[in-house]
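# Topology and contacts: notes
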Amino acid sequence: MLAQLNMDWMVQVTSEHYYGPTSVGAIQEFIRLGDINADTFVINACDGARRQIREMPALFKINTPRSTHDEIATAPASAGISIRLQERIRDLEQTLREERRAYAELEEKYNALLQQNSPAR
């Protein structure tokens, strides 16, 4: 992690899944999109503090009309982020399969070249 990026936060998407490291700006965007809400826990990677977003209104502005903690969207925090993470995982797994296939093909070609160039015994 580079200190200059200020990616000092982890978002607790579920009890077993986290998103991050990320920045305050990204978390504010997740709030704006409704992917997370005031009940979502975030962890400060610098000091290990785990708190709900509602406990830090000055840091995580919740920009909703008539903003009160009770009026914030109650959709599960895992909904939007989790779906995007699953899509990203599938994309990465597909890329990995393609890379492994390409590696195997190159390894076969390499071995064939070695056999062609080896002296006959």
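## Looking at the pairing of strand β1 (residues 9–12)
- In terms of strand pairing, β1 meets strand β2 (residues 18–22) through three bridges, oriented antiparallel. Within β2, the position partnered with Q12 by the bridge is Y18.
- Between the end of β1 and the start of β2, which pair antiparallel, lie five residues.
- Relative to strand β3 (residues 41–44), β1 is paired through three bridges, and the arrangement is antiparallel. Note that in β3 the partner of W9 across the bridge is N44.

## As for the confidence of the model for the protein
- When pLDDT is averaged across the protein, the result is 79; 78% of the residues are at 70 or more.
- Low pLDDT (under 50) marks residues 64–75, which in the prediction has twelve contacts with non-local residues, meaning those over four places away or in another chain.

## So, the nonpolar core
- One finds W9, V11, I27, F30, I31, I36, V42, I53, M56 and F60 forming the largest nonpolar core, which totals ten residues.
- When residues of this core are traced back to their parent elements, those giving at least two are β1 and α1 (24–33).
- Ranked by residues supplied to this core, first place goes to α1 with three residues.

Calculation notes
- Residues numbered from 1 in each chain as written.
- Predicted model: local features only at pLDDT ≥ 70, side-chain atom pairs only at ≥ 80, totals over all residues.
- Heavy atoms only, no water.
- Pairing = 2+ DSSP bridges.
- Helix = DSSP H or I, 4+ residues; strand = E, 2+ residues; numbered from the N terminus.
- pLDDT = per-residue confidence, 0-100.
- Contact = heavy atoms within 4.5 Å.
- Core = buried A, V, L, I, M, F, W, Y, C linked by side-chain atoms within 4.5 Å.
- Buried < 20%, exposed > 50% of the residue type's maximum accessible area, 1.4 Å probe, protein only.

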